[in-house]
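# Structural overview
These are the residues of each chain, in order.
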Amino acid sequence: MVIAGLCVSVQGCVSANPVAYSGLSSSAELAPNPRDDSGRVPYSYSTAVDWGKYSGVIVDPVVIYRGADGQFGKMSASDKASIAGYMQARFTERLKSRFVLAGKPGPNTLRVRLTLTGAKANTPVLGTLSRFDIAGGVYNTVQTARDREGSLTGSVIYAVEIFDAQTDRLLKAFVTKQYPSPINIKASMQPLAAAQAGIDKGADALVAQLK
C-alpha cells in the first residue's frame, strides 16, 4: 500500500519535537521535564503556588514566535495567524470557566502569556487515508495506545508563561506539543484541524492544572 510505504519511517509520520526556545522570556528558567514521559511537555519551570488563592486572570494576546528556532516549517503567515486567533479564543474561553477575566493587574490575579512557537498542518488526503490503510491503521492503533501522534497528522507547539499579575513574578512556564488522538478522523480532514484539536486539549489541560 502507498500509505504503508510512507509510514515505514516514524520520522515521516510525525512532526518535530519542541525545543527550549531561546526567544522566550522564561527560556533561562526552562529545564528538561523529568516527569514527562509523553513528550508533550519536554521543558518546564514551576514554583510552589497555591492556585486556589487566584480568582482573576489576564490573557495576553497570543504571540507568534519569530525566533530562528521556531518550528513552523513552510507554514504561511495567514495559517499562523489563524492558529493564533483560534488559540486566543479557546484559551480565553476555557480560562474564564475557572477565573474572572480581568482588564488590569490586581491582587489574586494571574497573567497568562501564550506564545505559538510551531505548528504543522495535516497532510492533505493522505493523513485521512492512513487511518484506513492496513499498515497505517496498525501504526495508528499503536500510537493511540501510547498517546502519541498519528501518521501524517498536524500538531501545534506553544509556550505557556504564567505570572502573578500584580508582582510580575513568574510562577509557572512550560513548552508543550499537542495533537489529536490518531483515531480522531475529523481532526485529520482539514489542514489546520489537528492543530486546533491540539489547542482544545491543551486549554483543557491548563485549566485542570490551575485548580
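Before reading on, note that the structure itself is shown above.
This structure is a prediction, so every number in the text was calculated from the model and none was measured. (Residues numbered from 1 in each chain as written. Predicted model: local features only at pLDDT ≥ 70, side-chain atom pairs only at ≥ 80, totals over all residues. Heavy atoms only, no water.)

## Thoughts on the overall build of the protein chain
Definition in use: The way it works is that DSSP assigns letters per residue, a run of H or I at least four long becomes a helix, a run of E at least two long becomes a strand, and they are numbered from the N terminus. Any two residues having at least one pair of non-hydrogen atoms within 4.5 Å are treated as being in contact. For the accessible areas, the method is Shrake-Rupley and the probe is 1.4 Å, while residue cover comes only from the protein chains on display.
If you tally the helices and strands in the protein chain, you get 5 helices and 8 strands. Helices and strands in the protein chain line up, N terminus first, as α-β-β-β-β-α-β-β-α-α-β-β-α. Across the protein chain, contacts joining residues at least 24 apart in sequence account for 77% of those joining residues at least 6 apart. Per element, the accessible surface of the protein chain, about 10000 Å² overall, is 57% carbon and sulfur.

## Some thoughts on the layout of surface pockets
The cut-off we apply is this: A pocket, in this scheme, is an open set of points on a 1 Å grid over the protein atoms alone with protein on both sides within 12 Å along at least 5 of 7 lines, while a cavity is a set where a 1.4 Å probe fits but cannot get out; residues line either one if an atom lies within 4 Å of a point. Grid points are joined across faces, edges and corners, and a volume is the space filled by probe spheres set on the points. Three classes are used, and their members are as follows: Ala, Val, Leu, Ile, Met, Phe, Trp, Tyr, Cys and Pro are nonpolar, Asp, Glu, Lys and Arg are charged, and the others, Gly among them, are polar.
Put simply, the largest pocket is a space of about 260 Å³. Contributing to the lining of the largest pocket are 17 residues, with Asn33, Val41, Lys172, Phe174 and Gln209 lying nearest its centre. Of all the secondary structure elements, the ones that give two or more residues to the lining of the largest pocket are strand 2 (43-46), strand 7 (155-164), strand 8 (170-178) and helix 5 (193-209). It is strand 8 that contributes the most residues to the lining of the largest pocket, 5 residues altogether. Tallied by class, residues from the lining of the largest pocket come to 7 nonpolar, 7 polar and 3 charged.

## Some words on the nonpolar core
Basically, it comes down to this: Nonpolar cores were defined as sets of buried Ala, Val, Leu, Ile, Met, Phe, Trp, Tyr and Cys residues, with membership established by side-chain atoms within 4.5 Å. To sort residues, take the accessible area from a 1.4 Å probe on protein chains only and compare it with the maximum for the residue type: under 20% means buried, over 50% means exposed, and anything in between is partly exposed.
Ranked by size, the top nonpolar core spans 32 residues in total, and within it Ile83, Met87, Leu95 and Leu110 carry the most contacts. Looking at this core, the elements that each hand over two or more residues are strand 3 (56-59), helix 2 (77-95), strand 6 (109-120), strand 7, strand 8 and helix 5. Ignoring anything within four residues of it in the chain, the contact list for isoleucine 83 reads Met75, Leu116, Ala119, Val156, Leu192, Ala195 and Ile199. Formed by 10 residues, the second largest nonpolar core is a distinct cluster that contains Leu24, Leu30, Ile157 and Ala159.

## Some words on the pairing of strand 8
What counts here: When DSSP finds at least two bridges between two strands, those strands are taken to pair.
With 9 of its 9 residues buried, strand 8 lies for the most part within the structure. Judged from the 4 bridges that link them, strand 2 and strand 8 form a sheet pairing that is antiparallel. Within the sheet, the bridge partner assigned to tyrosine 43 lies in strand 8 and is valine 175. Where strand 7 lies against strand 8, 8 bridges are found, and the strand directions are antiparallel.

## Comments concerning the pattern of salt bridges
Any two side chains of opposite charge can pair, on the condition that their charged atoms come close. For clarity, the threshold we go by: Basic side-chain nitrogens of Lys or Arg form a salt bridge, by our definition, when they fall within 4 Å of a carboxyl oxygen of Asp or Glu.
Tallied over the entire structure, the rule returns 6 salt bridges. Ionic pairing is found between aspartate 60 and arginine 111, a salt bridge with its closest N-O pair at 2.9 Å. Within this pair, whereas aspartate 60 is found in the loop between strand 3 and strand 4 (63-64), its partner arginine 111 is found in strand 6, the two being separated by 51 residues in sequence. Accessibility classification places aspartate 60 together with arginine 111 in one group, the buried group. Put simply, aspartate 168 and arginine 111 hold a salt bridge, and the shortest N to O gap is 2.3 Å. Of the two residues, aspartate 168 sits in the loop between strand 7 and strand 8 while arginine 111 sits in strand 6, which places them 57 residues apart along the sequence. A relative accessible area of 14% means that arginine 111 is categorised as buried. Several salt bridges converge on common partners, so that one network encompasses Asp60, Arg111 and Asp168.

## Topic: the packing of helix 2 against helix 5
A pair of packed helices is captured by two measures, namely the crossing angle of their axes and the spacing between those axes. Where we set the bar: Each axis is a line fitted through C-alpha atoms, taken for helices only over the stretch in contact, and angles between the N-to-C directions span 0 to 180 degrees. Should an angle lie under 35 degrees it is considered roughly parallel, over 145 roughly antiparallel, and from 65 to 115 roughly perpendicular; all remaining angles are considered oblique. With the far helix as reference, a near helix turned anticlockwise by less than a right angle produces a left-handed crossing, and one turned clockwise produces a right-handed crossing.
Two elements in contact, helix 2 and helix 5, have axes separated by 9 Å at closest approach and are oriented at 30°. Comparing their axes, helix 5 and helix 2 come out roughly parallel. Considering how the two elements wind past one another, helix 2 and helix 5 form a crossing that is right-handed. Residues Ile83, Tyr86, Met87, Arg90, Phe91, Arg94 and Leu95 of helix 2 pack against Ala195, Gln196, Ile199, Asp200, Gly202, Ala203, Asp204, Leu206 and Val207 of helix 5. Class assignment of the residues belonging to the contact of helix 2 with helix 5 gives a composition of 10 nonpolar, 2 polar and 4 charged.

Geometry only, nothing functional implied.
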